[in-house]
Amino acid sequence: MRPGVLWLIAGLSLSIAGCAATQPETNQPPPLSEASFNARILELESQLTQQCDTRTDLHQRQFDQQQTLTADMREVGSLLRHLRQDVQQLEARGEEPVIIREECEIDESLTTKTLLGRSEWVGLPSLGTYLKARVDSGANTSSLSAAEITRFERDGEDWVRFKLALNDDDVAVESQRDKWIEAPIVRRVRIVQASGEESRPVISLLMTLGPIRENVEFTLNDRSHLDYPVLLGRRFLMDIAVIDVADTYLHDRPEFPGGEPADQAAEDEAVDEDDSEE
(Lines give C-alpha, C1' and ligand atoms only; values in the text may rest on other atoms or scores of the structure.)
Protein backbone atom coordinates (compact mmCIF):
# COMPACT_ATOMS: atom_id res chain seq x y z
CA MET A 1 0.00 0.00 0.00
CA ARG A 2 1.25 3.44 -0.78
CA PRO A 3 2.42 5.72 2.07
CA GLY A 4 -0.09 8.50 1.11
CA VAL A 5 -3.01 6.19 1.46
CA LEU A 6 -1.82 5.14 4.90
CA TRP A 7 -1.62 8.68 6.06
CA LEU A 8 -5.15 9.37 4.80
CA ILE A 9 -6.57 6.38 6.66
CA ALA A 10 -4.79 7.41 9.83
CA GLY A 11 -6.21 10.94 9.61
CA LEU A 12 -9.75 9.72 9.08
CA SER A 13 -9.42 7.41 12.08
CA LEU A 14 -8.33 10.27 14.32
CA SER A 15 -11.22 12.48 13.13
CA ILE A 16 -13.78 9.80 13.83
CA ALA A 17 -12.32 9.17 17.28
CA GLY A 18 -12.43 12.93 18.09
CA CYS A 19 -16.07 13.25 17.05
CA ALA A 20 -16.95 10.25 19.19
CA ALA A 21 -15.19 11.74 22.22
CA THR A 22 -16.86 15.21 21.91
CA GLN A 23 -20.14 15.57 23.88
CA PRO A 24 -23.03 17.19 21.94
CA GLU A 25 -23.94 20.71 23.21
CA THR A 26 -27.60 21.44 24.17
CA ASN A 27 -29.60 24.46 25.41
CA GLN A 28 -32.20 22.39 27.28
CA PRO A 29 -32.38 22.95 31.08
CA PRO A 30 -31.45 20.10 33.35
CA PRO A 31 -34.30 17.78 34.23
CA LEU A 32 -36.42 18.84 37.25
CA SER A 33 -36.66 16.82 40.37
CA GLU A 34 -40.04 15.47 41.41
CA ALA A 35 -40.35 17.98 44.28
CA SER A 36 -39.54 20.96 42.04
CA PHE A 37 -42.01 19.73 39.43
CA ASN A 38 -44.83 19.40 41.97
CA ALA A 39 -44.09 22.86 43.43
CA ARG A 40 -44.21 24.43 39.97
CA ILE A 41 -47.53 22.71 39.20
CA LEU A 42 -49.04 24.05 42.46
CA GLU A 43 -47.84 27.58 41.66
CA LEU A 44 -49.47 27.47 38.22
CA GLU A 45 -52.71 26.16 39.71
CA SER A 46 -52.77 29.04 42.24
CA GLN A 47 -52.26 31.65 39.52
CA LEU A 48 -55.04 30.18 37.41
CA THR A 49 -57.39 30.12 40.42
CA GLN A 50 -56.72 33.82 41.20
CA GLN A 51 -57.35 34.79 37.59
CA CYS A 52 -60.61 32.86 37.56
CA ASP A 53 -61.75 34.47 40.85
CA THR A 54 -60.94 37.95 39.54
CA ARG A 55 -62.92 37.37 36.36
CA THR A 56 -65.81 35.94 38.37
CA ASP A 57 -65.93 39.04 40.63
CA LEU A 58 -65.79 41.33 37.61
CA HIS A 59 -68.64 39.49 35.91
CA GLN A 60 -70.69 39.61 39.13
CA ARG A 61 -70.21 43.37 39.47
CA GLN A 62 -71.12 43.91 35.86
CA PHE A 63 -74.22 41.79 36.34
CA ASP A 64 -75.24 43.74 39.48
CA GLN A 65 -74.76 47.07 37.71
CA GLN A 66 -76.80 45.86 34.78
CA GLN A 67 -79.60 44.75 37.12
CA THR A 68 -79.61 48.13 38.89
CA LEU A 69 -79.64 50.02 35.60
CA THR A 70 -82.48 47.87 34.33
CA ALA A 71 -84.51 48.58 37.49
CA ASP A 72 -83.88 52.33 37.16
CA MET A 73 -84.95 52.28 33.53
CA ARG A 74 -88.16 50.45 34.44
CA GLU A 75 -88.92 53.02 37.15
CA VAL A 76 -88.32 55.91 34.77
CA GLY A 77 -90.51 54.24 32.17
CA SER A 78 -93.30 53.84 34.72
CA LEU A 79 -93.05 57.51 35.70
CA LEU A 80 -93.18 58.56 32.06
CA ARG A 81 -96.28 56.45 31.46
CA HIS A 82 -98.05 58.06 34.42
CA LEU A 83 -96.99 61.51 33.23
CA ARG A 84 -98.37 60.84 29.74
CA GLN A 85 -101.64 59.70 31.28
CA ASP A 86 -101.86 62.90 33.34
CA VAL A 87 -101.16 65.03 30.26
CA GLN A 88 -103.79 63.16 28.26
CA GLN A 89 -106.35 63.69 31.01
CA LEU A 90 -105.59 67.42 31.10
CA GLU A 91 -105.85 67.67 27.33
CA ALA A 92 -109.15 65.77 27.37
CA ARG A 93 -110.57 68.21 29.94
CA GLY A 94 -109.50 71.18 27.85
CA GLU A 95 -108.61 73.22 30.93
CA GLU A 96 -105.53 75.06 32.03
CA PRO A 97 -103.23 73.03 34.27
CA VAL A 98 -103.79 73.63 37.95
CA ILE A 99 -100.56 74.48 39.78
CA ILE A 100 -100.63 73.58 43.45
CA ARG A 101 -98.00 75.33 45.53
CA GLU A 102 -97.05 73.80 48.82
CA GLU A 103 -97.04 76.44 51.53
CA CYS A 104 -94.27 76.39 54.09
CA GLU A 105 -95.23 76.14 57.71
CA ILE A 106 -94.45 79.30 59.65
CA ASP A 107 -93.36 79.08 63.23
CA GLU A 108 -96.16 80.88 65.07
CA SER A 109 -93.77 81.90 67.84
CA LEU A 110 -91.90 84.13 65.37
CA THR A 111 -95.04 86.12 64.57
CA THR A 112 -95.39 87.15 68.22
CA LYS A 113 -91.80 88.41 68.55
CA THR A 114 -90.42 91.82 67.62
CA LEU A 115 -87.76 91.90 64.91
CA LEU A 116 -84.65 93.87 65.86
CA GLY A 117 -81.59 94.90 63.91
CA ARG A 118 -78.07 94.43 65.21
CA SER A 119 -78.17 98.08 66.34
CA GLU A 120 -81.21 99.91 67.72
CA TRP A 121 -82.28 103.07 69.54
CA VAL A 122 -83.51 102.52 73.08
CA GLY A 123 -85.31 104.91 75.40
CA LEU A 124 -84.82 105.11 79.16
CA PRO A 125 -87.80 107.08 80.49
CA SER A 126 -86.51 107.20 84.08
CA LEU A 127 -83.26 108.74 82.81
CA GLY A 128 -84.96 111.00 80.27
CA THR A 129 -82.74 110.07 77.33
CA TYR A 130 -82.32 107.85 74.30
CA LEU A 131 -79.13 105.91 73.56
CA LYS A 132 -77.72 103.65 70.87
CA ALA A 133 -77.71 99.96 71.75
CA ARG A 134 -75.87 96.99 70.35
CA VAL A 135 -78.08 93.88 70.24
CA ASP A 136 -75.93 90.86 71.09
CA SER A 137 -77.35 87.40 71.84
CA GLY A 138 -73.84 86.29 72.84
CA ALA A 139 -74.03 88.36 76.02
CA ASN A 140 -76.15 87.12 78.90
CA THR A 141 -77.04 90.32 80.77
CA SER A 142 -77.61 93.75 79.28
CA SER A 143 -75.16 96.51 80.17
CA LEU A 144 -75.34 100.30 80.63
CA SER A 145 -72.32 102.60 80.46
CA ALA A 146 -71.83 104.21 83.87
CA ALA A 147 -69.16 106.21 85.65
CA GLU A 148 -68.49 107.36 89.22
CA ILE A 149 -70.41 104.36 90.52
CA THR A 150 -70.97 104.72 94.27
CA ARG A 151 -72.72 102.21 96.48
CA PHE A 152 -74.78 103.43 99.48
CA GLU A 153 -77.55 102.21 101.76
CA ARG A 154 -81.10 103.54 101.88
CA ASP A 155 -83.80 102.18 104.20
CA GLY A 156 -81.70 99.10 104.85
CA GLU A 157 -81.31 98.30 101.13
CA ASP A 158 -78.31 98.55 98.82
CA TRP A 159 -78.49 101.39 96.34
CA VAL A 160 -76.10 102.79 93.76
CA ARG A 161 -75.43 106.31 92.50
CA PHE A 162 -73.81 106.94 89.10
CA LYS A 163 -73.63 109.10 85.99
CA LEU A 164 -73.89 108.00 82.37
CA ALA A 165 -70.41 107.36 80.95
CA LEU A 166 -70.67 108.89 77.48
CA ASN A 167 -68.04 110.15 75.07
CA ASP A 168 -68.41 113.07 72.68
CA ASP A 169 -69.64 110.82 69.84
CA ASP A 170 -72.44 109.22 71.86
CA VAL A 171 -75.88 110.60 70.99
CA ALA A 172 -78.08 111.45 73.98
CA VAL A 173 -80.26 114.20 75.44
CA GLU A 174 -77.62 116.77 76.37
CA SER A 175 -79.26 117.80 79.64
CA GLN A 176 -78.98 114.25 80.96
CA ARG A 177 -75.26 113.67 80.32
CA ASP A 178 -73.98 114.81 83.72
CA LYS A 179 -77.07 114.06 85.78
CA TRP A 180 -76.74 111.88 88.88
CA ILE A 181 -78.84 108.73 88.77
CA GLU A 182 -79.88 106.65 91.77
CA ALA A 183 -81.37 103.14 91.71
CA PRO A 184 -81.65 100.11 94.03
CA ILE A 185 -79.24 97.25 93.40
CA VAL A 186 -81.16 94.17 92.26
CA ARG A 187 -78.19 91.81 92.47
CA ARG A 188 -74.50 91.62 91.65
CA VAL A 189 -72.77 89.61 88.91
CA ARG A 190 -69.24 88.28 88.81
CA ILE A 191 -67.43 89.10 85.57
CA VAL A 192 -64.38 87.04 84.56
CA GLN A 193 -62.01 88.76 82.12
CA ALA A 194 -58.41 88.37 81.02
CA SER A 195 -57.43 91.14 83.44
CA GLY A 196 -59.12 89.36 86.35
CA GLU A 197 -62.46 89.09 88.10
CA GLU A 198 -64.76 91.90 89.23
CA SER A 199 -68.22 92.23 90.74
CA ARG A 200 -70.68 94.59 89.07
CA PRO A 201 -73.98 95.93 90.41
CA VAL A 202 -77.18 95.18 88.50
CA ILE A 203 -80.11 97.63 88.41
CA SER A 204 -83.53 97.44 86.78
CA LEU A 205 -84.68 100.26 84.48
CA LEU A 206 -87.75 100.74 82.32
CA MET A 207 -86.68 100.59 78.65
CA THR A 208 -88.55 101.20 75.40
CA LEU A 209 -87.56 99.85 71.98
CA GLY A 210 -90.13 100.19 69.22
CA PRO A 211 -93.28 98.46 70.52
CA ILE A 212 -91.37 96.91 73.45
CA ARG A 213 -91.74 98.47 76.89
CA GLU A 214 -90.06 96.32 79.53
CA ASN A 215 -88.14 96.53 82.79
CA VAL A 216 -84.62 95.41 81.88
CA GLU A 217 -81.74 94.47 84.17
CA PHE A 218 -78.47 96.27 83.38
CA THR A 219 -75.00 95.72 84.76
CA LEU A 220 -73.18 99.00 85.36
CA ASN A 221 -69.69 99.44 83.90
CA ASP A 222 -67.80 102.05 81.93
CA ARG A 223 -68.34 101.50 78.19
CA SER A 224 -67.13 104.93 77.05
CA HIS A 225 -64.26 103.31 75.12
CA LEU A 226 -66.81 101.34 73.05
CA ASP A 227 -69.16 102.47 70.27
CA TYR A 228 -72.39 101.65 72.08
CA PRO A 229 -73.29 102.89 75.57
CA VAL A 230 -75.92 100.14 75.85
CA LEU A 231 -75.62 96.40 75.24
CA LEU A 232 -78.78 94.28 75.06
CA GLY A 233 -78.19 90.63 75.98
CA ARG A 234 -80.20 87.46 75.58
CA ARG A 235 -81.96 87.79 78.97
CA PHE A 236 -83.79 90.74 77.44
CA LEU A 237 -84.29 89.11 74.03
CA MET A 238 -85.68 85.83 75.35
CA ASP A 239 -89.30 85.21 74.30
CA ILE A 240 -89.92 88.77 73.04
CA ALA A 241 -87.49 89.50 70.15
CA VAL A 242 -85.41 88.03 67.33
CA ILE A 243 -82.42 89.59 65.58
CA ASP A 244 -81.84 90.34 61.89
CA VAL A 245 -78.08 90.84 61.86
CA ALA A 246 -78.19 92.16 58.28
CA ASP A 247 -80.16 95.28 59.28
CA THR A 248 -79.93 98.17 61.72
CA TYR A 249 -82.30 100.65 63.36
CA LEU A 250 -85.56 99.00 62.38
CA HIS A 251 -87.44 101.11 64.94
CA ASP A 252 -87.70 104.88 65.37
CA ARG A 253 -85.71 106.72 67.98
CA PRO A 254 -87.79 107.65 71.05
CA GLU A 255 -88.40 111.32 71.78
CA PHE A 256 -87.69 113.06 75.09
CA PRO A 257 -87.89 116.69 76.24
CA GLY A 258 -84.73 118.51 75.25
CA GLY A 259 -83.83 115.86 72.64
CA GLU A 260 -83.96 115.92 68.87
CA PRO A 261 -87.07 114.74 66.98
CA ALA A 262 -87.10 111.13 65.83
CA ASP A 263 -87.06 112.13 62.14
CA GLN A 264 -83.60 113.66 62.61
CA ALA A 265 -82.03 110.39 63.75
CA ALA A 266 -81.02 109.33 60.22
CA GLU A 267 -77.84 111.42 60.34
CA ASP A 268 -76.77 109.81 63.61
CA GLU A 269 -77.57 106.34 62.27
CA ALA A 270 -75.41 106.91 59.19
CA VAL A 271 -72.25 107.25 61.28
CA ASP A 272 -69.83 104.44 60.47
CA GLU A 273 -69.82 102.05 63.44
CA ASP A 274 -67.56 99.09 64.15
CA ASP A 275 -69.74 96.07 64.96
CA SER A 276 -66.71 94.01 65.99
CA GLU A 277 -66.12 95.93 69.21
CA GLU A 278 -67.13 93.05 71.54
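As shown above, the structure is provided for reference.
This one's a predicted model, so the numbers in the text were calculated from it and none came from an experiment. (Residues numbered from 1 in each chain as written. Predicted model: local features only at pLDDT ≥ 70, side-chain atom pairs only at ≥ 80, totals over all residues. Heavy atoms only, no water.)

**Details of the pattern of salt bridges**
Moving on, step 1. Per the counting criterion, the structure on display carries 11 salt bridges.
Moving on, step 2. With its nearest N and O atoms 4.0 Å apart, the salt bridge here joins R134 to D136.
Moving on, step 3. We classify D136 as buried; its relative accessible area is 17%.
Moving on, step 4. In this structure, R154 and E182 form a salt bridge, with 2.7 Å as the shortest nitrogen-oxygen distance. Residue R154 is found in strand β4 (residues 142-154), and its partner E182 is found in strand β6 (residues 181-184); the two are separated by 28 residues along the sequence.
Moving on, step 5. Under the relative-accessibility criterion, R154 is labelled partly exposed at 30%.
Moving on, step 6. Exposure remark for E182: the relative accessible area of 35% places this residue in the partly exposed category. (Salt bridge = Lys/Arg side-chain N within 4 Å of Asp/Glu carboxyl O. Buried < 20%, exposed > 50% of the residue type's maximum accessible area, 1.4 Å probe, protein only. Helix = DSSP H or I, 4+ residues; strand = E, 2+ residues; numbered from the N terminus.)

**What about unusual backbone geometry?**
Moving on, step 1. With phi around 55°, E148 is a residue other than glycine that occupies positive phi space.
Moving on, step 2. By the secondary structure assignment, E148 is in strand β4.
Moving on, step 3. Unlike most non-glycine residues, Y249 shows phi in positive territory, near 50°.
Moving on, step 4. In this fold, Y249 is placed in the loop between β11 (241-244) and α5 (265-269).

**Let's talk about the nonpolar core**
Moving on, step 1. Counting 30 residues, the largest nonpolar core has L144, M207, F218, L232 and F236 as its most contacted members.
Moving on, step 2. In contact with L232, not counting residues within four places along its chain, are V122, A133, R134, V135, D136, S142, M207, L209 and F218.
Moving on, step 3. Residues W121, V171, Y228 and F256 belong to the second largest nonpolar core, which totals eight residues. (Core = buried A, V, L, I, M, F, W, Y, C linked by side-chain atoms within 4.5 Å. Contact = heavy atoms within 4.5 Å.)

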